[in-house]
Amino acid sequence: MSLRLDKVAVRYGRRDAVLETTLELPCASLVGLVGPNGAGKSSLLKAAAGLVPHSGAIAWRSKPLTRMARLERARTIAYLPQSAGAHWPITAAELVALGRMPHLAFGERLRAEDAAAVEWALERCAAGRLAERRVDRLSGGERARVLLARALAVDAPVLLVDEPIQSLDPRHQLNIMRVLRECAERGTLVVAVLHDVALAARYCTRIVLMAEGRVVGDGAPEHVLSPAALARWYGVEPYVARHRGEPVVLPWRQID
Amino acid sequence: MNGAALRAAGGTAWVLLVPLMLGAALLSLVIGRTSTGPTLGFGDAAIAGPVLMEIRLPRTLLALLVGGTLGLSGAALQGLLRNPLAEPGLLGASSGAALGAVLVFYFGLAAADSLVLPLGGVAGSVAALGLLYGLAGRRADLVTIVLAGIAINALAAALTSLALNFAPSPYAALEILFWMLGSLADRSAVHVWLALPLMLPGWLLIGAAARGLDALTLGEETAASLGFPPARTQWLVIGGTALSVGAAVAVTGVIGFVGLVVPHMLRPWVGHHPRRLLAPCFAAGAALTLLADVAIRLMPPGPELKLGVVTALIGAPFFLQLILKHGRESGG
């Protein structure tokens, strides 16, 4: 069971965002998609979610996405965009319930299992007490947690998240990374675009490093996020250590 | 207000709106107007049947259909554009219909057959939609579509002014102006049967877009990832609006503010959910239009007020008050 990207490339007009990329992403893993700004991470993630035109083929369990019905694909792949919000002042619970839309037939109301999935997703993201709050009155970090809960509520086998911890305080960053890791341990394929290499190294089971539109490193976090790779692709010198048996990779100094 | 309370409020919207709509329809059936002023009932027993069936019933049905269409399409467009200032005329369907009808007047065809005028309106609305589609393209983003709509509105307004400028006689110019003010007077069952076959598929298209509108609450990318591609929702709403609003304008002329104000009034009641807003807006739009048309018949004797004038007179202060309230809320 895996998501397979076969020679996937993305072009915006005449500019190549992602060059031909082939990746086999098995379920039950938390893949950190990292790389400097403009590396093509978000474009690759959008292509995998079927949101931007691309060449090449993408298949889940050997079934091409193009052969899936609209809602079947929506039930298979959940996607959280980089900057998101709600355009109307609905409550957090109602926002999360929108994640259940792919499961509902035309005109069908939320069933007990949908309500349970909404509640579960809110609890996962430590947002249970926000359920009845209006989303336009939440803080940035609270809103980010509610939006992630919306993606979790889809309960899809593939979860693609674009910078899910960007606006969170350290405690909630750790919390969300742990939630994503637990999703992976329960069998979900989670692909997360991350800028925090420290958290990526600590929580991801695999790192895909992108630069200039292609994959330049792929494997175990410690192996891919080596000082040499960080120096070459990010232009930074890291502080590398181990703490309680886990890798610590901290960008420390800019290399001129 | 919590989620459960909001849902309950959505329920009370129905409990109030459906009786309001039916009550307004009943008033519209029993209240009439003659040269001496308003009348109650149907007059002599000998003419009661024809008065009810041939004058009051078509007029009531048309008010209901047109008002419902304006409320429904206003709610759908505001949901699509995620902007509470959108109104059914935004994308050119009503100005296209108006231009079509004006051209019928201009070429003196209106006298030939009472059906030519609404048919011209429908043709104008369909032409406006075709132009919009041609200008914007199938996969166009909303900004392009709104800009194309503005361009079509400007073009239709310019051509309408041109027709007025070169009107064959002052009488023809006056006729065009009066028609554009919007009215339900002197309409017959023929107009109902002309509008309904276009309105019905229009409503169905908007209904088919309902879930897509909910998904769009979270933005275009999330909506697409939930299985509701924005382009699909977009053309369902635009097609549905053009058909139903085009048909409405074709038979009554331009009736403003209903499609703008009604979704505004009801949005807090249904918890701001675009999908839950649709059906209540139909009922409320119908009720508002029916009551405005009844108010016209209650006026003292004299030239009959045009419906579009009355809805604007009711709508404008209401809208002003909403803006002031909005300013106070966002100002803290």
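Here, every reference points to the structure presented above.
A brief look at the structure comes next. (Residues numbered from 1 in each chain as written. Chains lettered and ligands numbered in written order. Predicted model: local features only at pLDDT ≥ 70, side-chain atom pairs only at ≥ 80, totals over all residues.)

Brief notes about the overall build of chain B
Where we set the bar: Helix and strand assignments come from DSSP, with helices taken as H or I runs of at least 4 residues and strands as E runs of at least 2, each series counted from the N terminus. For the radius of gyration, the atoms used are the C-alpha atoms, and the globule rule reads 2.2 Å times the number of residues raised to 0.38. With C-beta atoms placed from the backbone, the exposure class of a residue follows from how many other C-beta atoms lie within 10 Å of its own: 20 or more, buried; 12 or fewer, exposed; in between, partly exposed. We call two residues in contact when the distance between their C-beta atoms, placed using the backbone, is within 7 Å.
Within chain B, the regular secondary structure consists of 13 helices and two strands. For 332 residues, the compact-globule estimate of 2.2 N^0.38 gives 20 Å, and the C-alpha radius of gyration of chain B, at 20 Å, lies within 12% of that figure. Each principal axis of the C-alpha distribution contributes one length, and for chain B these read about 60 × 45 × 40 Å. Considering chain B as a whole, with its 332 residues, one finds that 50% of them fall into the buried category. Counting only contacts in chain B whose residues sit at least 6 apart along the sequence, the fraction spanning at least 24 positions is 78%.

Some remarks on the overall build of chain A
On a plain count of helices and strands, chain A comes out with nine helices and 12 strands. Its C-alpha atoms give chain A a radius of gyration of 18 Å, near enough to 18 Å, the size a compact globule of 256 residues would have. On the principal axes, the C-alpha backbone points of chain A span a range of 55 × 40 × 35 Å. The 256 residues of chain A split such that 46% are buried. Relative to all contacts within chain A whose residues are 6 or more apart in sequence, the contacts with residues 24 or more apart total 64%.

Topic: the sheet that holds strand β2 (residues 15-26) of chain A
All names here are of chain A. Which entries qualify depends on this criterion: Only when DSSP finds a minimum of two bridges between them are two strands counted as paired.
Spatially, four strands are ordered β2-β1-β4-β5 in an open sheet, and the strand pairing comes out antiparallel. Each edge of the open sheet carries a strand with a single partner, namely β2 and β5 (63-64). Two elements, strand β1 (residues 2-12) and β2, share eight bridges in a ladder whose sense is antiparallel. Bridge assignment links L3 to a residue of β2, and that residue is L25.

Side note on the interface of chain B and chain A
Listed as interface residues are 19 residues of chain B and, on the opposing side, 22 residues of chain A. Those elements that place two or more of their residues in the side of chain B that touches chain A are α8 (210-216) and α9 (220-225) of chain B. Among the elements that take part in the side of chain B that touches chain A, α9 of chain B stands out by supplying four residues, more than any other.

Overview of the packing of helix α4 (residues 116-136) of chain B against helix α10 (residues 230-252) of chain B
All names here are of chain B. Our working definition: For every element, the axis is a line fit to its C-alpha atoms; helices are fit only across the contacting stretch, and the angle between N-to-C directions ranges from 0 to 180 degrees. Reported orientations rely on four angle classes, namely roughly parallel under 35 degrees, roughly antiparallel over 145, roughly perpendicular from 65 to 115, and oblique for the rest. Here a crossing is called left-handed whenever its near helix is offset anticlockwise from the far helix by less than a right angle, and right-handed whenever the offset is clockwise. Just so you know the grouping, Ala, Val, Leu, Ile, Met, Phe, Trp, Tyr, Cys and Pro go in nonpolar, Asp, Glu, Lys and Arg go in charged, and all remaining residues, Gly too, go in polar.
One way to put it is that α4 packs onto α10 with a least axis distance of 8 Å and a crossing angle of 155°. Compared by their axis directions, α4 and α10 come out roughly antiparallel. The crossing of α4 and α10 is right-handed. The segment α4 lies against α10, with P118, G121, V122, S125, V126, A128, L129 and L132 engaging I238, G239, A242, G246, A247, V249, A250 and V251. Its residues assigned to classes, the contact of α4 with α10 comprises 12 nonpolar, four polar and no charged.

Examining α10 of chain B
What counts here: The length a helix should cover is 1.5 Å for every residue beyond the first.
Taking 1.5 Å of rise per residue, the 23 residues of α10 of chain B would be expected to cover 33 Å, and the 32 Å separating its terminal C-alpha atoms lies within 8% of that figure. Counting buried residues in α10 of chain B gives 18 out of 23 residues, a clear majority hidden from the surface.

Focus: the pairing of strand β1 (residues 31-34) of chain B
Residue and element names in this part refer to chain B. With four bridges joining them, β1 and strand β2 (residues 37-40) adopt antiparallel strand pairing. Paired with G32 across the bridge in β2 is T39. The hairpin formed by β1 and β2 contains two residues between the paired strands.

Digging into the pairing of β1 of chain A
All names here are of chain A. Two successive antiparallel strands, β1 and β2, enclose a turn made up of two residues, where G13 displays a positive phi of approximately 65°. Relative to strand β4 (residues 55-60), β1 runs antiparallel, the two being bridged by five bridges. The residue bridging L3 from the neighbouring strand is W60, located in β4.

Observations concerning the nonpolar core
Definition in use: Think of a nonpolar core as buried Ala, Val, Leu, Ile, Met, Phe, Trp, Tyr and Cys residues, each tied to the set through C-beta atoms within 7 Å.
In terms of nonpolar packing, the biggest core is built from 183 residues, with V96 and L160 of chain A touching the most fellow members. At 15 residues, helix α12 (residues 274-297) of chain B tops the list of elements feeding residues into this core. Once you skip the residues sitting within four places of it in the chain, L160 of chain A turns out to touch L45, A48, A49, I77, A78, Y79 and V191 of chain A.

Side note on the environment of F105 of chain B
Residues and elements named next belong to chain B. Looking at where F105 falls in the secondary structure, it is placed in helix α3 (residues 93-106). When the C-alpha atoms of F105 and Q321 are compared, they prove to be 38 Å apart, with 216 residues separating the residues in sequence. Not counting chain neighbours up to four residues away, the residues in contact with F105 comprise A110, A172, E175, I176 and W179.

Let's talk about unusual backbone geometry
Residues and elements named next belong to chain B. Not every positive phi belongs to a glycine, and R82 is a case in point at roughly 50°. Mapped onto the secondary structure, R82 falls in the loop between α2 (45-81) and α3. Owing to 17 C-beta atoms within 10 Å, R82 belongs among the partly exposed residues under this scheme. Here the phi dihedral of D186 falls at roughly 60°; this positive angle occurs in a residue that is not glycine.

A short note on the sheet that holds strand β8 (residues 189-193) of chain A
All names here are of chain A. Here we have six strands laid out as an open sheet, ordered β6-β7-β8-β3-β9-β10, and mixed in their pairing. One side of each edge strand has no neighbouring strand; the edge strands of this open sheet are β6 (77-80) and β10 (214-219). Ignoring strand direction, the axes of neighbouring strands in this sheet form an average angle of 15°. Across five bridges, strand β3 (residues 29-34) lies against β8 in parallel orientation. Counterpart to L33 in the pairing with β8 is V193. Strands β6 and β7 (158-162) of the sheet are contacted by helix α5 (residues 140-153), whose axis makes an angle of about 170° with β6.

Digging into the environment of A115 of chain A
Relative to the elements of secondary structure, A115 of chain A occurs in helix α4 (residues 112-124). Separated by 130 residues in sequence, A115 of chain A and G245 of chain A have C-alpha atoms that sit 40 Å apart.

Overview of α3 of chain B
Residue and element names in this part refer to chain B. Taking 1.5 Å as the rise per residue, α3 with 14 residues should run 20 Å; its terminal C-alpha atoms sit 20 Å apart, in good agreement. The element α3 is extensively covered by neighbouring structure, given that 13 of its 14 residues are classed as buried. With its phi angle positive at about 70°, G108 sits one or two positions after the end of α3.

Function cannot be read off these values alone, since they describe shape.
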